[in-house]
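This is what each chain is made of:
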Amino acid sequence: MKKLVVVVLLSFISFLVSLILQQYSTPDIHPDLDERVLDFTSAKVSGQEDGSQKSYAKDCLSRYESALYRKESPYKPSSYLITKVRQYETLHKRCGPYTESYNRTIRKLEPGHLTHDHDYETLDDKECKYLVRIPFDGLGNRILSLASAFLYALLTDRALLVYDNEGDTADLFCEPFPETTWLLPQDFPIRNRLENLNQESPECHGNMLKHSGNSSFVYLHLIYTYDDYDKLFFCDQDQIFLQNVSWVIMKSQFYIVPSLFFIKSFEQELATLFPEKETVFHFLGRYLFYPSNPVWELITRYYRAYLANSDEKIGIQIRTFDPRFLAAAFNFTTSTPEAVPDTILACSFDNNVLPKINMKGSQESGKSKSIIVTSLTSKYYEKIRDMYWEHSTVNGDVVAVFQPSSEGGQKTGNKKHDRKAWAEMYLLSLTDKLITSPWSTFGYVAQGLAGLRPWILHMPKDEVVPNPPCTRAMSMEPCFQKPPFNGCKMRTGVDTGALVPYIRHCEDASQGLKLVDPKAS
């Protein structure tokens, strides 16, 4: 009997000790953040003192609090992707601004140090290489092109530095890499030249191919005006040349990731990094883009006030474009915004995204649903709001409709406007279902961060609701809206949307490309 009492007592003491140890050994972060969203909290917790950890958390609250607002992703990053990102963090810490390696390598930008066409030298394995990214176009484009630049840096063992002349990157996002910065220093030797680089610059890669030339760096011109020579960036032979260039400077407005999968030297590495092809931006976006504290305050305050207590959250992202832009960019000749609200409702009703209204009277109470509408104008939101205010629903669901802002027009570079835009993208990514507008990078960012396949609206023509009013996206990946059409040897007529099963033409841009899961398509 005494032995039994001793055994029971020891078991109880062991149980108490385990509880105490668990309480004091568990860091005050979400336990599965590291595996789930590629955060680097595990490395940080094991490698820093408590005081440093608390300071780091204070500098970026969203990194530690986002799991309280976002559902756990159903997707799991490959172990190789996690390892590769950890290795990159080590590289960036060794090569980042003002390190010994950085200070040594910037000397190559001094006059007299030249990179000769394709007559290149082999760099020392330990020498740091850099990718300087120049932002271009609106915030959605900047986010997608920055994620693309990071993947390219990951594939080529380069340290990514972000030219942030307007200060918007620092204002909108936390620093993604521990104990260092990704911002290009103010005293970078050729900083005053960056904004003026273009296709005619002697350092432009395409220009160097057309004319024999040399430079202390290579500039990649990957925006809407790029030509067939610029597009040779996506070819193996040119990647061999670039891998021996210390300083590569990239200006891009596109999500170029699909075309990186066509580069043979990257093919196997990308397949190992992303066994599920449609998760590229989902993982890289969640890793790179944590809202800064001012933006996080906007997000959390709005979420708690309008979204937190609903049973289901639905995002509707509306963007209409100037007809001249649509005609030039996507060969879409006419668009009638007046029919957009009816198109949204038709899409919602056909796909059970929103409950239909009841014209006969009230029903018993059902679920609560919150709709967040994002648009530069309030007229679409007002029509949907008034409909659910004036009528009950057929299933008794209670629907509340909200719109955080209506800015009237895009004001890229305006700090207050960009904060709101980033906050609204993030709020859309916290929803359960999503309807987006075609051609909009704003919607691409939201769907990728959310891990959702949205319903993409078919924009109405001649005030007539299209049939069908929308299409379910093949994947959650963004669209590369203007990819190369020719092969690497200037072959024409290559249908790049039919070469491999995991790259298809986009639903909203027939010549665009996007990554898909072949098993799901």
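Our subject is the structure listed above.
These numbers were taken from a predicted model, which means no experiment stands behind them.

S.K.: I tried to follow the packing of aromatic side chains on my own but got confused; where do I start?
M.R.: Where two aromatic rings form a pair, the distance of their centres and the angle of their planes describe that pair. In the structure shown here, the tally under the stated rule is 28 aromatic pairs. Relative to Tyr224, the ring of Phe136 has its centre 6.4 Å away and its plane inclined at 35°; by these criteria the two rings are tilted. A residue pair is termed long-range when its members are at least 10 positions apart, and Phe136 in the loop between β2 (130-134) and α8 (139-156) and Tyr224 in the loop between β5 (218-222) and α11 (236-242) qualify at 88 residues. Accessibility expressed as a relative area gives 45% for Tyr224, which makes it partly exposed. Residue placement shows Arg70 over the ring face of Tyr426; its charged tip is 4.7 Å from the ring centre. The ring centre of Tyr226 lies 4.8 Å from the NZ or CZ of Lys231, which sits over that ring.

S.K.: Explanation requested: the pairing of β2 in the structure shown.
M.R.: Looking along a regular strand, one sees the side chains alternate between the two faces of the sheet. Most of β2 sits out of view: five of its five residues are buried. The alternating pattern of β2 places Tyr130, Val132 and Ile134 and Leu131 and Arg133 on opposite faces, both of which are buried. In this fold, β2 hands off to α8, which returns the chain to strand β3 (residues 159-162); that crossover is right-handed.

S.K.: Can you walk me through the state of the cysteines in this structure?
M.R.: Structurally, a disulfide amounts to a covalent bond that connects the sulfur atoms of two cysteines. Enumeration according to the criterion identifies four disulfides in this entry. Between Cys347 and Cys470 runs a disulfide, and the two sulfur atoms are separated by 2.2 Å. Note on the Cys347 and Cys470 pair: the S-S dihedral is about 85°, so by sign convention the disulfide is right-handed. Residue Cys347 is located in helix α17 (residues 340-350), and its partner Cys470 is located in strand β14 (residues 470-472); the two are separated by 123 residues in the primary sequence. Taken individually, Cys347 and Cys470 each receive the classification buried, so the pair is uniform in this respect. The residue that forms a disulfide with Cys479 is Cys506, at a sulfur-sulfur distance of 2.1 Å. Classification of the bridge connecting Cys479 and Cys506 rests on its S-S torsion, roughly 95°, and on that basis the disulfide is right-handed. One end of the pair, Cys479, is in the loop between β14 and β15 (503-505); the other, Cys506, is in the loop between β15 and β16 (513-515), with 27 residues separating them in the sequence. Here Cys479 falls in the buried class, since its relative accessible area comes to 4%. What makes Cys506 buried here is its relative accessible area of 6%.

S.K.: Explain the environment of Glu269 here, please?
M.R.: If you trace the backbone, Glu269 turns up in helix α13 (residues 264-273). Separated by 114 residues in sequence, Glu269 and Leu155 place their C-alpha atoms 7.6 Å apart. Side chain to side chain, Glu269 and Tyr80 meet in a polar contact 2.8 Å long. At a separation of 3.1 Å, a polar atom in the side chain of Glu269 contacts the side chain of Lys84.

S.K.: Hey, could you run me through the sheet that holds β3 in this one?
M.R.: The four strands lie next to each other as β3-β2-β6-β5, forming an open sheet whose pairing is parallel. With partners counted over all chains shown, the strands left at the sheet margins are β3 and β5, one partner each. Going across the sheet, the axis of each strand differs from the next one's by a mean of 25°, ignoring polarity. Pairing of β5 with strand β6 (residues 247-252) involves five bridges; the strand directions are parallel. Counted as the bridge partner of Tyr219 is Ile249 from β6.

S.K.: So what exactly am I meant to see when it comes to the sheet that holds strand β7 (residues 312-317) here?
M.R.: By definition, the strands of a sheet pair up through backbone hydrogen bonds, in either a parallel or an antiparallel sense. Taken in spatial order, the six strands make up an open sheet running β11-β9-β7-β12-β13-β14, and their pairing is mixed. One side of each edge strand has no neighbouring strand; the edge strands of this open sheet are β11 (398-402) and β14. The mean inter-strand angle of the sheet, taken between neighbouring strand axes irrespective of direction, is 20°. Bridge analysis of strand β9 (residues 368-374) against β11 gives five bridges, and the strand direction is parallel. Directly across from Lys369, in β11, lies its bridge partner Val399. Its contacts with the sheet put helix α15 (residues 293-307) on β7, β9 and β11, and the angle it makes with β9 is roughly 140°. Lying over the sheet, α17 contacts β7, β12 (433-436), β13 (455-457) and β14, oriented at roughly 155° with respect to β13.

What counts, and where the lines are drawn
Residues numbered from 1 in each chain as written. Predicted model: local features only at pLDDT ≥ 70, side-chain atom pairs only at ≥ 80, totals over all residues. Heavy atoms only, no water. Phe/Tyr/Trp six-rings, centres within 6.5 Å; stacked < 30°, edge-to-face > 60°. Helix = DSSP H or I, 4+ residues; strand = E, 2+ residues; numbered from the N terminus. Buried < 20%, exposed > 50% of the residue type's maximum accessible area, 1.4 Å probe, protein only. Lys NZ or Arg CZ within 6 Å of the ring centre and 35° of its normal. Right-handed = clockwise from strand over helix to strand, strands pointing away. Disulfide = S-S within 2.5 Å. Polar contact = N/O pair within 3.5 Å; in protein donor to acceptor, adjacent residues only side chain to side chain. Pairing = 2+ DSSP bridges. Axes fitted to C-alpha atoms, helices over the stretch in contact; angles between N-to-C directions. Contact = heavy atoms within 4.5 Å.

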